[in-house]
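Examining the three-dimensional arrangement
One-letter residues, chain by chain:
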Amino acid sequence: MQNGTWYSLKNPEEVLSPSLLVYPDRIQHNIELMISMVGDVEQLRPHVKTYKNADIIKMQMAQGIKKFKCATIAEAELLGNCNAPDILLAMQPIGPNAKRLFQLINKYPNSKFSTIVDNPKTVAVLGELAKENKFKLPLWVDINNGMNRTGVAPDHEALELYFQLHQHPHLNAEGLHVYDGHLRNTDPLVRESDCNTAFEAVIALKQQIEEHHIPSPKIVAGGSPTFPFHSKRNDVETSPGTTLLWDSGYGSQFPEMGFLPAAVLFTRILSKPTTGILCFDLGHKSVAPEMSFPRISFLDLKHSKQISQSEEHLVVEYDDLNIPEVGDVHYAIPKHICPTVAKYDTLTVIKDNAVIDHWEVTARTHKSTI
């Protein structure tokens, strides 16, 4: 798996470009590494937003993983179709999504669904819907411990919100949801210290809840960068996502984590418009464009500099004028895999350097059937 041509295809002429190739052997390595780091699959709640695919969900379930986290109703529906036992919708449902959540609950009675809240208004809306559906909905209080994107600070406001859930006749106070995606220091010792410091207020909040004789809240914490540290905690569920496919962004920032890139962009040179310039068929529609350049890391093309990108094209400066030709195949790892996957209808599955299957990216949009 570590040889220099693990990614290359025996018959590249048969594969469309651009395509996103995935390597099950490497995905399996990443699943086993996640489990070994946490020690107990009951403390794993991987996020499906990275891959949005039933086959990868089933690979994890085959290893005993029963709890999952997702960001959209479509991803939650995908998990329901896979008979995932425990599904956390980690995006506060607002507008029609609140009713769609209850449609999911009614459609998949064998799966436990829960979601997050950070304000009394959403609690009231979900409480009324739970009453109408004669269902006691499990809810997690979404905690803001420094990212300032969603959630409520872990202080008296969070405590009061948790009281509301505990006292509501149609809701169940499930626990605390804590995403700390802002903690990304490349030094693992500094990142661990930052993670532990930010988590202190969450521990204090948990203790306050217990002091009021309320059942001790469960905690779901972290993403991929802080996974190694939350995985050491007792009674904390960890929710890495990028760890399944990995990418060059996290790979360059956190090489010590040991996860393998398991998704590769397959591309061809589309044109050589002038001296020292190559154009690839890898535009905004094929790779996540929100990152600064370089947006991909070529595996087989050194001395290149990405200079522009449009919907269909990626333009690269290249200082070796003799090798590349129009139509030549190249391979690259995306800088940000999660939104890159969403650009493809299918993943092209590779084993022993050959295409063996195509996996549907079922939840790439916000709606499937519900």
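In this text the structure is predicted, and so the values were computed from the model without any measurement.

With respect to the overall build of the protein
Counting its secondary structure elements, the protein contains 10 helices and 16 strands. On C-alpha atoms alone, the protein measures out to a radius of gyration of 22 Å, which is about the 21 Å that the 2.2 N^0.38 rule sets for 370 residues. For the protein, the C-alpha atoms occupy an extent of roughly 75 × 45 × 35 Å along the three principal directions. Counting only residues that meet the buried cut, the protein has 54% of its 370 residues in that class. Considering only contacts within the protein whose residues lie at least 6 apart along the sequence, 68% involve residues at least 24 apart. In the form shown here, the protein has an accessible surface area of approximately 16,100 Å², with 51% of it arising from carbon and sulfur atoms. If you average the places of the 35 positive and of the 43 negative side-chain charges in the protein, the two averages end up 5 Å apart.

Here we look at helix H2 (residues 54-61)
For H2, every residue scored as buried is listed here: Ala-54, Ile-56, Ile-57, Met-59 and Gln-60. Its side-chain oxygen placed 3.0 Å from the backbone nitrogen of Asp-55, Asn-53 serves as the N-cap of H2.

Structural notes on the packing of helix H4 (residues 96-107) against helix H5 (residues 120-132)
For the pair H4 and H5, the least separation of the axes is 10 Å and the interaxial angle reads 35°. Of the two elements, H4 crosses H5, and the hand of that crossing is right-handed. Listed contacts from H5 to Ala-98, Lys-99 and Phe-102 of H4 are Val-125, Leu-126, Leu-129 and Ala-130. Across the contact of H4 with H5, the residue classes break down as six nonpolar, no polar and one charged.

Some points on the environment of Ile-370
You can see Ile-370 is positioned in the segment after strand S16 (354-360). Considered as a pair, Ile-370 and Ile-277 are 93 residues apart in the sequence and their alpha carbons are 47 Å apart. Apart from the residues lying within four places of it in its own chain, the contact partners of Ile-370 are Ile-73, Glu-77, Arg-100, Gln-103, Leu-104 and Lys-107.

Structural notes on the nonpolar core
Core analysis: the biggest nonpolar cluster contains 95 residues, and Ile-27, Leu-137, Ile-143, Leu-176, Leu-245 and Phe-280 have the highest contact counts within it. Apart from the residues within four sequence positions on either side, Leu-137 is in contact with Leu-101, Phe-102, Ile-105, Phe-113, Leu-126, Ala-130, His-170, Leu-171 and Asn-172. One finds Trp-6, Leu-9, Tyr-23 and Tyr-331 within the second-largest nonpolar core, a separate group that totals 11 residues.

A closer look at the packing of helix H6 (residues 156-167) against helix H7 (residues 188-211)
At a closest axis distance of 10 Å, the pairing of H6 and H7 adopts a crossing angle of 45°. Put simply, H6 runs oblique to H7. Pair H6 / H7 crosses with right-handed handedness. Between H6 and H7, the residues in contact are Ala-158, Leu-159 and Tyr-162 and Leu-205, Gln-208 and Ile-209, respectively. Here the residues of the contact of H6 with H7 sort into five nonpolar, one polar and no charged.

So, the layout of surface pockets
Its boundaries defined by the atoms lining it, the largest pocket holds a volume of some 920 Å³. His-47, Lys-49, Ala-71, Arg-149 and Tyr-179 are the residues nearest the centre of the largest pocket, which is lined by 42 residues in total. Only strand S5 (137-143), helix H9 (248-253) and helix H10 (337-341) provide two or more residues apiece to the lining of the largest pocket. Looking at which element gives the most residues to the lining of the largest pocket, the answer is H9, with three residues. Here the lining of the largest pocket is built from residues that sort into 14 nonpolar, 17 polar and 11 charged. Approximately 240 Å³ is the volume found for the second largest pocket. Around the second largest pocket, the lining comprises 13 residues; the ones closest to its centre are Leu-16, Pro-18, Ser-19, Thr-346 and Thr-348.

Analysis parameters
Numbers given to residues run from 1 along each chain, matching the order in which its sequence is written. In keeping with the model being predicted, local features are shown solely for residues with a pLDDT of at least 70 and side-chain atom pairs are shown and tallied solely at 80 or more, while totals for entire chains, interfaces and linings include all residues. Water and hydrogen atoms play no part in the side-chain values, which are based on all heavy atoms of the structure. Starting at the N terminus, helices and strands are each numbered in turn, a helix being any DSSP run of H or I of at least four residues and a strand any DSSP run of E of at least two. Atoms counted for the radius of gyration: C-alpha only. Globule rule: 2.2 Å times residue count to the power 0.38. Any residue under 20% of the maximum accessible area for its type is buried, any over 50% is exposed, and the rest in between are partly exposed; the area is computed with a 1.4 Å probe on protein chains only. Here, two residues are considered to be in contact whenever any of their heavy atoms come within 4.5 Å of each other. Only the protein chains shown count as cover for residues, and all accessible areas are computed by the Shrake-Rupley method using a 1.4 Å probe. Lys and Arg are tallied as positive, Asp and Glu as negative. Neither His nor the chain termini are counted. The atom standing in for a charge is NZ when the residue is Lys, CZ when it is Arg, CG when it is Asp and CD when it is Glu. In the analysis that follows, any N or O atom pair within 3.5 Å is treated as a polar contact, provided that within protein one partner can donate a hydrogen and the other can accept it, and provided that, for residues neighboring in sequence, both atoms belong to side chains. Think of each axis as a best-fit line through the C-alpha atoms, taken over the contacting stretch in the case of a helix, with angles from 0 to 180 degrees between the N-to-C directions. Left-handed describes a crossing whose near helix is turned anticlockwise from the far helix through less than a right angle; right-handed describes the clockwise counterpart. Gly counts as polar in this scheme, as do all residues outside two lists: the nonpolar Ala, Val, Leu, Ile, Met, Phe, Trp, Tyr, Cys and Pro, and the charged Asp, Glu, Lys and Arg. Residues belong to one nonpolar core when they are buried, are Ala, Val, Leu, Ile, Met, Phe, Trp, Tyr or Cys, and are joined through side-chain atoms within 4.5 Å. Roughly parallel here means an angle under 35 degrees, roughly antiparallel means over 145, roughly perpendicular means 65 to 115, and every remaining angle is called oblique. A pocket here means an open set of points on a 1 Å grid, computed over the protein atoms alone, that has protein on both sides within 12 Å along at least five of seven lines. A cavity is instead a set of points where a 1.4 Å probe fits but cannot get out; residues with an atom within 4 Å of a point line either one. Grid points are joined across faces, edges and corners, and a volume is the space filled by probe spheres set on the points.

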